[in-house]
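Letter by letter, the chains look like this.
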Amino acid sequence: MRELTFGFVGIGLIGGSVAKSIRRCMPSEKIIVYNRSAQARVMAKHDGTANITVDAVDERMGECDYIFLCTPVEKNEEYLALLKDIIKEDCIITDVGSVKTNIHKAVEKLGLEANFIGGHPMAGSEKTGYENANDRLLENAYYAITPTDKVPQSRVDEYTEIVSTIGAIPINISYEEHDRVVATISHLPHLIASSLVNLVKHNDSKNEYMKTMAAGGFKDITRIASSSPEMWEQICMTNNVNISEMLDKYISDLKDIKDELDTKNGSAIYDLISESRDYRDNIDDHNNSVINRSYRIYCDIIDESGAIATIATILATNGISIKNIGIIHNREFDEGVLRISFYDKESSDSAANLLERHRYKIFKKD
């Protein structure tokens, strides 16, 4: 691959992680960073991610071969207009937004179609900001690529190679189909998770038994409700048509389920769960979503002083890092009284094998 200069407009969690990934995987490349917050710019320069930091989007971005727009949607559109008269003829502008229609329409309006390839790295975290960015966030994450019809194929191929080089899995898709897909698998689930949490909040008793007894299953399917309300308001408002269409279908399905419950149609409920189980079990377990996958095991232990410390010591002395550890109070959907989370599958598998050799009863959780 030829030597490249990369520009970043915004280095929050995703922009910062892309920049850090490029630095790790392509260490000799030049990276120019702009961020509204001076603190993030200083951090990027100090940790070696950025060669140059700038305090404005100006002619200093003119040497870039690729410029990543990593700010909120409406700001990205403003920066597009600024960059139009700054970039060199063959510069490619890209973005990292989870909705693609708006940015593509703005590109078309500005006559920048030959210089734009949309991008959406499908990875993330509940945390935000450059301080939480890391150079492996995108590893094995799907990375949607939405080129315009006018961008040279050679640049699409080069961009795809960059995405692969930093460890992500490129998927070439039209921006229209992309937005319909993410409306169904990402945006609508966020609304559903939030509505389920609020259902509990608004219908719990004053003793808050629902909140207290919320089982692992409820916590798992509503985990994404902890995401940023500002970010998700913007996402929903920019992809509202697709989300609304899929929400209509979902409401129709829920009405069918209610009818089956009201008429005690057990076979229909059985078929619903059976069909969903079979399909769910065939979804690629290695796909990173907005919330990173958690690798967990469950362990039966005797409730006595030092029990958790003993397990932690066994794992630590064998070089296995624990992400989180805690007692399960509601085990309706979970086996084992102690839940241990790890950063990767290898650590989870090694811990399970090690603890089994120490005669602990282990239940693995995918």
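Preceding this section is the structure that the text describes.
Just so you know, these numbers come straight off a predicted model, no measurement behind them.

In this section: the overall build of the chain. Along the backbone of the chain there are 13 helices and 12 strands. Projected onto its principal axes, the C-alpha positions of the chain cover 65 × 55 × 40 Å. Considering the chain as a whole, with its 366 residues, one finds that 43% of them fall into the buried category. Considering only residue pairs separated by 6 or more positions, the chain has 72% of its internal contacts joining residues 24 or more positions apart. Per element, the accessible surface of the chain, about 20200 Å² overall, is 50% carbon and sulfur. The averaged location of the 57 negative side-chain charges in the chain is 4 Å from the averaged location of its 42 positive side-chain charges.

Here we come to the pattern of salt bridges. Using the criterion set out here, one finds 18 salt bridges in the structure. Of the charged contacts in the structure, one is a salt bridge between aspartate 65 and lysine 88, with a shortest N-O distance of 2.8 Å. Of this pair, aspartate 65 sits in the loop between β3 (52–54) and β4 (66–69) while lysine 88 is found in the loop between α3 (73–84) and β5 (92–95), placing the two residues 23 residues apart along the sequence. Residue lysine 88 is classed as partly exposed on the basis of its relative accessible area, which comes to 30%. Across the pair glutamate 78 and lysine 75 runs a salt bridge, and its minimum N-O distance is 3.0 Å. Remark: lysine 75 and glutamate 78 occur in helix α3; sequence separation between them is three residues, near one turn of the helix. For lysine 75, a relative accessible area of 29% translates into the label partly exposed.

Here we take up the side chain of arginine 296. One can find arginine 296 in strand β9 (residues 295–300). Given a relative accessible area of 9%, arginine 296 falls into the buried group.

Before going further, it helps to spend a moment on the nonpolar core. Core analysis: the biggest nonpolar cluster contains 36 residues, and Phe6, Phe8, Ile22, Tyr66, Phe68, Tyr143 and Tyr159 have the highest contact counts within it. Counting only elements with at least two residues in this core, the list comes to β1 (5–9), α1 (13–25), β2 (30–34), α2 (38–46), β4, β7 (142–147) and α5 (153–165). In terms of nonpolar packing, the next biggest core, distinct from the first, is built from 20 residues, Val54, Ile67, Leu83 and Cys91 among them.

Let us now look at the pairing of β1. With five of five residues buried, β1 is to be regarded as a mostly interior element. Of the two faces of β1, the one holding Thr5, Gly7 and Val9 and the one holding Phe6 and Phe8 are both buried throughout. Of the pairings in the sheet, the one linking β1 to β2 comprises five bridges and is parallel in character. When the bridges of β2 are listed, phenylalanine 8 appears paired with valine 33.

With respect to the element layout, glutamate 29 can be found in the loop between α1 and β2. Engagement of the side chain of glutamate 29 in a polar contact is seen with the backbone nitrogen of leucine 4, the distance being 3.0 Å.

What follows covers the packing of aromatic side chains. For the structure shown, the criterion picks out seven aromatic pairs. Between the aromatic rings of phenylalanine 6 and tyrosine 66, the centroid separation amounts to 5.9 Å while the plane-to-plane angle is 25°, which identifies the pairing as stacked. In this pair, phenylalanine 6 sits in strand β1 while tyrosine 66 sits in strand β4, placing the two residues 60 residues apart along the sequence. For phenylalanine 6, a relative accessible area of 0% corresponds to the buried category.

Cut-offs applied
Residues numbered from 1 in each chain as written. Predicted model: local features only at pLDDT ≥ 70, side-chain atom pairs only at ≥ 80, totals over all residues. Heavy atoms only, no water. Helix = DSSP H or I, 4+ residues; strand = E, 2+ residues; numbered from the N terminus. Buried < 20%, exposed > 50% of the residue type's maximum accessible area, 1.4 Å probe, protein only. Contact = heavy atoms within 4.5 Å. Areas by Shrake-Rupley, 256 points an atom, 1.4 Å probe, with all protein chains shown as cover. Lys, Arg positive; Asp, Glu negative; His and termini not counted. Charge placed at Lys NZ, Arg CZ, Asp CG, Glu CD. Salt bridge = Lys/Arg side-chain N within 4 Å of Asp/Glu carboxyl O. Core = buried A, V, L, I, M, F, W, Y, C linked by side-chain atoms within 4.5 Å. Pairing = 2+ DSSP bridges. Polar contact = N/O pair within 3.5 Å; in protein donor to acceptor, adjacent residues only side chain to side chain. Phe/Tyr/Trp six-rings, centres within 6.5 Å; stacked < 30°, edge-to-face > 60°.

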